[in-house]
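Chain by chain, the residues run as shown.
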Amino acid sequence: MSGLVLLGAQWGDEGKGKVTDYLGEMADVVVRYQGGNNAGHTVVVGEEEFKLRLIPSGILNPKAICVIGNGVVVDPNVLLKEIKYLQEKGIDTSGLRISERAHVIMPYHIAIDTYDEEAKGEKKIGTTKNGIGPCYSDKYNRIGIRIADLIDKEVFAERLKATLEVKNNLLVKFYEKEPMDFQEIFENYSEMAEKIKKYVTDTSYLVDEALKAGKKVLFEGAQGTLLDIDHGTYPYVTSSNPIASYAAVGVGVGVQNINSVLGIAKAYTTRVGEGPFPTELFDEDGEKMRNVGHEFGTVTGRARRCGWIDTVMLRYAVRLSGITGLALMKLDVMDSLPKVKICTHYECNGEKVETFPCSLKKLAECKPVYVELDGWQCDTSNVRSYEELPENARKFIETIEKYTAVPIKLVAVGPKRDQTIIRTELFK
Ligand code: IMP
């Protein structure tokens, strides 16, 4: 039994796709446990770039079984497009499996996500408008449609009819929009269900059997800790739980199967959407991080807000998920900076704040306190071992380890598979 959870330790976009791809090479099973096509993974293999939103990056390993777990919300349109995209690039998708219990994103979810954001005006969350929140809301409101319901025409017709009545009322009376047509949705989604059917199975059983057989299972989280619906910067969060303990729920296996937890963090911090961000930069350094780091959304193309690395946030992520090691991504983006900073704690109205506050009002008032180190000002993108890194880069890494109290096991110095420095074995 060997279960490793990989998750974002910041606000998402940490570079999880690259690490999943890297570890996916060693895994027998790669399984996603939450989120949907709000995620965006860019993976570079050789000279080729792959952009994935829903299917785990483990699909690039032809030997691995690649699972979309029950905790994920699935837009069949996106799923089929992604399968086609991968097939056109010569990738074998026969290892894909989809949980029959995963919920389906319907057209009214996407419409309501958009109208809701418009209605919120300045108070908008800045969602990806992919229907993620409305789909999870329906799941918890027990009016969702699961993959198993979708592929059974009779059940699908019955559930769609009941739900669409409620949704059309909302669309017409509240949002003052056109109602949606039952027949059109039913036919379109039934057609897609036919194409998806062959991938659908009891994935909880499949993953459990793999674990019992001693296979290596990689649990892949999407988004990041600070976007967690329970523990993130609520309400500026996503609608699921990216933290590690949810891997057991979102896949349907026992918690004892999680042996180690790898938190992925960038050497700096980014966030998309709204909400307070204590270490955010509005200067040249922030601009450099954005441009050198190509900090523009894979899904939405939005420019990401950039700032220094924040160990208050990372300590919180370590605590919430029991992170046993960190992967530090995009170190090379910092190569040209003369000085680099690490936030050690905040100060709020004269008080020293060392743990991440719940209140957004307080978080907005928190002033970051930094240790400032000399930069290394040389190219690290060709470095392949820790010892070869410039001394100042090592000092930067070791200072983060000191303030987070966890080892940095992997350092990434570029987007390619081989631009990776492994300090400790990750997947036993
Ligand atoms: P939703 O997940 O589309 O509902 O969006 C809710 C919030 O989570 C917004 O601030 C999004 O920008 C953010 N978000 C969702 N997915 C990701 C991701 O993969 N990376 C970074 N931010 C994300």
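Refer to the structure presented above.
Residues numbered from 1 in each chain as written. Predicted model: local features only at pLDDT ≥ 70, side-chain atom pairs only at ≥ 80, totals over all residues. Heavy atoms only, no water.

(A) Main features of the pattern of salt bridges. With the rule as written, the count across this model stands at 24 salt bridges. In this structure, E49 engages K51 in a salt bridge whose closest nitrogen and oxygen atoms are separated by 3.8 Å. Overall, K51 belongs to the partly exposed group, its relative accessible area being 40%. Taken together, the shared-partner salt bridges in this structure form one network comprising D13, K266, E295, R304 and K330. (Salt bridge = Lys/Arg side-chain N within 4 Å of Asp/Glu carboxyl O. Buried < 20%, exposed > 50% of the residue type's maximum accessible area, 1.4 Å probe, protein only.)

(B) Local environment of the side chain of Q10. Mapped onto the elements of the fold, Q10 is located in the loop between β1 (2-8) and α1 (16-24). On the basis of relative accessible area, Q10 is assigned to the buried category, the value being 1%. (Helix = DSSP H or I, 4+ residues; strand = E, 2+ residues; numbered from the N terminus.)

(C) The site of the ligand, seen in detail. What surrounds the ligand is a group of 15 residues, the closest being D13, N38, T128, T238 and R302. In the model, an oxygen atom of the ligand is placed 3.3 Å from a nitrogen or oxygen of the G126 main chain. The separation between an oxygen atom of the ligand and a polar side-chain atom of R302 is 3.1 Å. A total of 470 Å² of accessible area belongs to the ligand in isolation, and the protein chains cover 97% of it. Across the shell around the ligand, the residue classes break down as six nonpolar, seven polar and two charged. (Near = heavy atom within 4 Å. Polar contact = N/O pair within 3.5 Å; in protein donor to acceptor, adjacent residues only side chain to side chain. Areas by Shrake-Rupley, 256 points an atom, 1.4 Å probe, with all protein chains shown as cover. Nonpolar A, V, L, I, M, F, W, Y, C, P; charged D, E, K, R; others polar.)

(D) Examining the environment of A364 more closely. As for its position among the elements, A364 is in helix α12 (residues 360-365). With a relative accessible area of 52%, A364 lands in the exposed category. With 87 residues separating them in the primary sequence, A364 and F277 have C-alpha atoms 7.3 Å apart.

(E) Representation of the packing of helix α3 (residues 107-120) against helix α6 (residues 153-174) within the structure. Remark: α3 packs on α6, axes separated minimally by 11 Å, with the N-to-C direction vectors making an angle of 20°. In terms of orientation, α3 lies roughly parallel with respect to α6. For the pair α3 and α6, the sense of crossing is left-handed. Of the residues in α6, those touching α3 at Y108, I112 and Y115 are L160, T163, L164, K167, L170 and L171. Residue composition of the contact of α3 with α6, by class: seven nonpolar, one polar and one charged. (Axes fitted to C-alpha atoms, helices over the stretch in contact; angles between N-to-C directions. Parallel < 35°, antiparallel > 145°, perpendicular 65-115°, else oblique. Left-handed = near helix turned anticlockwise from the far one by under 90°. Contact = heavy atoms within 4.5 Å.)

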